[in-house]
Amino acid sequence: MRQTNETQIDTSPAISDEIRKTTCYMCACRCGINVHMKGGEVAYIEGNRDHPVNKGVLCGKGSSGIMQHYAPSRLRAPLKRVGPRGSGEFEEISWEEALDTAAGWLGPLRKEDPSKLAFFTGRDQSQSFTSWFAQAYGTPNYAAHGGFCSVNMAAAGIYTMGGAFWEFGQPDWDRTKLFMLFGVAEDHDSNPIKMGLGKLKERGAKVIGVNPIRSGYNAIADEWVGITPGTDGLFIMALIHELMRAGKVDLSYLARYTNAGFLVDDDPNSPEKGLFIRGESGKPQVVCRDSKGLADYDTPGVIPNLAAQMFEGDVTHRTVFQLMAERYLGDEYAPEAVAERTGIEAAKIKSIAAELARVAFEEEIVIDQPWTDWKGQKHDKMIGRPVSFHAMRGISAHSNGFQTCRALHMLQILLGSVEVPGGFRFKPPYPKPPEAHPKPHAGVTPGQPLDGPHLGYPLGPEHLLLDEDGNAKRIDKAFTWENPLSAHGLMHMVISNAHAGDPYKIDTLFMYMANMAWNSSMNSSEVMQMLTDKDDSGEYVIPHIIYSDAYSSEMVAYADLILPDTTYLERHDCISLLDRPICEADGAADAIRWPVVEPDRDVRGFQTALIQLGVKLGLPGFVTEDGSAKFEDYADYIVNHERRPGVGPLAGWRGEDGEGKGRGAPNPKQIDKYIENGGFWVDHIPTEASFYKPWNKAYQEWAVKRGIFDAEAPYVFNLYVEPMRKFQRAAEGHGDIQPPEHLRERVQQTMDPLPMWYEPFEDSNVDVEEYPIHALTQRPMHMYHSWGSQNAWLRQITGKNYLYLPTKIWEANGFEDGDYAEVSSVHGTITVPVAHHAALNDSTVWTWNAIGKRKGAWALDEDAPEATEGFLLNHLIHELQPPKGDGMRWANSDPITGQAAWFDLRVKLKKAVPKPAESQPVHPPIKSPVGKGPAKVARKI
Amino acid sequence: MTCLPSTTQKKLGLVIDLDTCVGCHGCVTACKGWNTQNYGAPLSDMDPYGADPSGTFLNRVFSYEVTPEDGAAQTVHFPKSCLHCEDAPCVTVCPTGASYKREEDGIVLVDEDKCIGCGLCAWSCAYGARELDQDAGVMKKCTLCVDRIYNENLPEEDRVPACVRTCPSGARHFGDLGDPNSDVSKLVEERGGFDLMPEQGTKPVNKYLPPRLKDRLDTAPMIPVAEEPKGFLGWLDKALEKL
């Protein structure tokens, strides 16, 4: 036997030359990272322990960022298309030529009609800046990707309680005792949820997962609710039914902090029916519990009586709470009535409702922390109801998603568990009610900026963006009767509408970071066709396409001009309070990215390129009086731009002395201070301001000091959303601004001011007997959209996708391992590999999103499994509902917000015999503008 | 053939909580990143952008489905790396002395200078925890980040394996399983930690914590305050008076 004790190893090797701290961009979560440098190169990436988002941890994506940074798919220089669109044939050009080309198209357009530019920015983390460019240019056609992502969640949250999940708020992970999670897109608040689940598990708190698929977070949930897609609203309203019926609602909370006590006009003959009864002050009226008299809802000392009624002639005006009782105590929301449709046994629904009530009311948390409310009343403690919730795409990507998201917030509020210890907590700059957000704008003047911000929160039909003839002002038809509250726009409709010339034709489509010719579009094959279609004169229907991306994505092939972006380690960025912030419930925070390495290619950060384009176009704000550049690059903008006097993109180290928090003059050393501090800034909220933020005087004062808003703005939660009633009332014939006849009934039905459930549109549009199966996608935890496949490590974890089938469907069709299925929706057919998955709702099939790739893209070999076996479900999902025979184009979107209804999809399937050689459909290869990756990677510095 | 030490001063290892692992692969890529830059040859990837990518990983996460007799099917995420067995057959089978178990802490390592890439150790490992690097031609395995855990160039809190440091849900724990008073030993005791495939007789040092029982909620339904809407209003009146 050999003796081996002699081996000596160095257990204290040098780690790296230097650590540079910046912000991850491997998904939308935005964790802090330590980038270890060796010899000027990136050697290793780990989480930053001091960072408020991830506190040192890092997921599978973040930990493999180095392979994205060095991916062979990185674009190398600006490109000019030389072959036909879609071929991938390009010629490298200089930046000067690229920017001149773009300015040559956009300059004349701005003088003639700025709305001929559609500028949509995908998974942009600089929307505050890109929207500012679009506003200065003057086009109404700007948005990012929220409309095809989770706008239902965001908008329902804002309208109901001034914020939703993720960037708006979080469960009180340290105190909650019961956590309920509804369908989730994993890159939304990725690490904080994992860290939070870890905390819950450590102290034995319970997790209930509501998801048709038991994987990921749902795999570790103590209780799994394998709900049928599109029925979450029914389930939630059944929980509400149970809680109200048992009187397990927080009446004191409802009276003080919500509009439950507001009186609603019940006069059937009045145009005001359904609106709040208002006093001389114009404020909604409540009946005071003590004086029994009417009072403005915000009168100090007045606690509204939820049981009050007001008699006027033979009309009885009732409170919002009574209208809720009438609706939710009804039999249609009884557990027995929803059990079959939701796929959840009535007994289980009752048990979950009882558990929510038990934990909320019997395990109450009391913190001895005095605080003062907005009416000046002092409280000696903070009372918590330790149940919390989180939800994202699973419930929102349906045509009934907005009302479902509203229902979930209503459930939280009834339990008294919003902004209390153990419940859900807002993160600055939220809470922020709909009234505090801008209204949408689309006022176009050739050669001039737009008349205000593009996106916002309408409070009535008067805020719709319609011309005198009732036509949409925006290319995506946001803020029209088709989807009045489309707060994030409808990116998924832009190409389709531009191609159809509905509502009008455009000249230039300018996009950033949105793979619209592949996985980011519904109906991908036809979208490719729309991008390449020519009119009778032989010109492209969409005449010019400019696209910016860091990588060789499928969309690159469809543009005429490519502005190559940098990787996330080569760029400046600000994760700004003006944009999509990364704050924590206990503090305001923002962060930067900075070039920890300089690009080795002829690429520029997109935001810097946009500044340079703005200068060439002479846009206001981008140039000084003499026409010279106001900002040299994006870093210069980040430091020196002021949105309001003293308030800029970054809140930390403002002012000449660098001491300003939130407010202060630009500080030329600001970025250096961020770098010194690890790439981020945090300012903690005072302890007495920690909870009850919408009604907490100390919080309101702190928020004004920090520039979050300019005047204190306390408000109550909207169980009843009066602005929705204003749209509904118009549909009933009141007011000057009327919906078109074909939408009247739908607006009346869907703009209900109290949450309700209706069947997803697909269920009504297709024969559900013929298409009995629900089909979904999920995102792997280790992938972000299509990006993961260019990463040599991550594609080894998931290099192909299967359609996963539940046992019932697997057995009924006699499937065996290795089989393919022909899967059809009313719109199209795909033929794809299948696998068995038992932990799955009986009538649901699913696959991983965006694993399938087009041959030639992402610097992968054409025979890569992503391009041969991998597939997209997108081919089965149309951006329009099936034709109704009325000549109209009906979007496959939520009728309230325009959110893309991805998850409404219904399919049928059968075994594919014989098995195809590849997943179908197959698209011809595109020529790679960057060649292919190397045959081996073994990179040690 | 190579000798194992008769005892080790410590039994350093991992405790992996299967009730908490969500399967994010953070540990997989953090491990790959660290160990590519540090101990021994880099962990290579062959055909990394092609039809059959195949690279060396020291830690992989597998997902299994379990269907209990009385309930819905469940998913278990199962991270797996070398378990640093006390009776490690991969050591005794090594013809060159390249594979060895450290007397001071029980870590099983490969001296790459002595490794001839014969693959016997991988064949002998019941857990499939060793991978022959196709580029370097040497056997690779989990080192328990021996170049981190004692590394004086790292802050003390970072002297843990890369997989433990990065795990977002806190499902991975590191410590001395030979010390009954260590945090990891206590965790194993409290949560019923178990050996993977004990029947192999290799006495793995790493332990797994089992998933907790699931789908057990049976809270009794609530009693209604009233059956009719009118009755509800009556209840409401009374309830408001009590506030």
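Given the structure is predicted, the values throughout are model-derived calculations rather than measurements.

(A) Region of the structure containing the overall build of chain A. Assigned secondary structure in chain A consists of 24 helices and 35 strands. C-alpha extents for chain A along the principal axes are approximately 85 × 80 × 70 Å. Here chain A holds 941 residues, and the buried ones make up 63% of them. For chain A, restricting intrachain contacts to residue pairs at least 6 apart in sequence, the fraction spanning at least 24 positions comes to 69%.

(B) Main features of the overall build of chain B. What chain B contains, in helices and strands, is seven helices and 11 strands. Computed over its C-alpha atoms, the radius of gyration of chain B comes to 24 Å, more than 25% above the 18 Å expected for a compact globule of 243 residues. Along the three orthogonal principal directions, the C-alpha set of chain B runs to about 85 × 50 × 45 Å. Counting all 243 residues of chain B, 48% fall into the buried class. Of the contacts formed within chain B by residues at least 6 apart in sequence, a portion of 60% connects residues at least 24 apart.

(C) Examining the sheet that holds strand β35 (residues 936-937) of chain A more closely. If you walk across this open sheet you meet the three strands as β35(A)-β2(B)-β3(B), and the pairing is antiparallel. The two strands at the open ends of the sheet, each matched to only one other strand, are β35 of chain A together with β3 (54-55) of chain B. Taken together, the two bridges between strand β2 (residues 45-46) of chain B and β3 of chain B define a ladder with antiparallel strand orientation. When the sheet's bridge partners are listed, M46 of chain B is paired in β3 of chain B with S54 of chain B.

(D) Local environment of the interface of chain B and chain A. Taken residue by residue, the interface counts 78 residues in chain B and 90 residues in chain A. Every element with two or more residues in the side of chain B that touches chain A is listed here: α1 (26-37), β2, β5 (74-81), α4 (146-149), α5 (162-166) and α7 (229-242) of chain B. The dominant element in the side of chain B that touches chain A, judged by the number of residues it contributes, is α1 of chain B, at nine residues. Among the residues making up the side of chain B that touches chain A, the classes are represented as 38 nonpolar, 24 polar and 16 charged.

(E) Inspection of the domain arrangement of chain A at higher detail. Residue and element names in this part refer to chain A. Splitting chain A by domain gives domain 1 (18-69), domain 2 (164-429), domain 3 (573-705), domain 4 (720-753) and domain 5 (761-911). Inter-centroid distance (C-alpha atoms) of domain 1 to domain 2 is 37 Å. If you look at the interface, domain 1 gives nine residues, while domain 2 gives eight residues. A per-class count over the side of domain 1 that touches domain 2 returns seven nonpolar, one polar and one charged.

(F) Representation of the sheet that holds strand β1 (residues 12-17) of chain B. Residue and element names in this part refer to chain B. Pairing in this open sheet of three strands is mixed, and the strands run β10-β1-β11 from one edge to the other. Single-partner strands in this sheet number two, and they are β10 (172-176) and β11 (207-209). Adjacent strand axes in the sheet meet at a mean angle of 25°, parallel and antiparallel pairs treated alike. Sheet topology note: the β1/β11 ladder contains three bridges and is parallel. Across the sheet, residue V15 finds its bridge partner in β11, namely K207. Along the sheet, helix α6 (residues 183-191) makes contact with β1, β10 and β11, crossing β10 at roughly 120°.

(G) Up close: helix α18 (residues 697-705) of chain A. Residue and element names in this part refer to chain A. Of all the positions in α18, only K697, Y699, Q700, W702 and A703 are classed as buried. The inward-facing, buried residues of α18 contact β18 (371-372). Positioned one or two residues after α18, G707 has a phi angle of 80°, which is positive.

(H) Inspection of the nonpolar core at higher detail. Residues and elements named next belong to chain A. Ranked by internal contacts, the top residues of the largest apolar core, which has 356 residues, are A118, L239, I240 and L356. The element that contributes the greatest number of residues to this core is helix α6 (residues 232-245), accounting for nine residues. The residues touching A118, leaving out its near neighbours within four places in the chain, are N141, I475, V494, A498, I506, L509 and F510. In terms of nonpolar packing, the next biggest core, distinct from the first, is built from six residues, A689, W702, A703 and I708 among them.

(I) How the structure looks around the packing of helix α3 (residues 127-137) of chain A against helix α15 (residues 606-617) of chain A. Residue and element names in this part refer to chain A. Across the interface, α3 lies against α15 with an axial gap of 11 Å and an inter-helix angle of 15°. In terms of orientation, α3 and α15 fall into the roughly parallel class. For the element pair α3 and α15, the recorded crossing hand is left-handed. Facing F129, T130, F133 and A136 of α3, the residues of α15 in contact are Q607, L610 and G614. Across the contact of α3 with α15, the residue classes tally to four nonpolar, three polar and no charged.

Analysis parameters
- Residues numbered from 1 in each chain as written.
- Chains lettered and ligands numbered in written order.
- Predicted model: local features only at pLDDT ≥ 70, side-chain atom pairs only at ≥ 80, totals over all residues.
- Helix = DSSP H or I, 4+ residues; strand = E, 2+ residues; numbered from the N terminus.
- Buried ≥ 20, exposed ≤ 12 C-beta atoms within 10 Å, placed from the backbone.
- Contact = placed C-beta atoms within 7 Å.
- Rg over C-alpha atoms; globule rule 2.2 N^0.38 Å.
- Pairing = 2+ DSSP bridges.
- Nonpolar A, V, L, I, M, F, W, Y, C, P; charged D, E, K, R; others polar.
- Domains from an automatic or database assignment.
- Axes fitted to C-alpha atoms, helices over the stretch in contact; angles between N-to-C directions.
- Core = buried A, V, L, I, M, F, W, Y, C linked by C-beta atoms within 7 Å.
- Parallel < 35°, antiparallel > 145°, perpendicular 65-115°, else oblique.
- Left-handed = near helix turned anticlockwise from the far one by under 90°.

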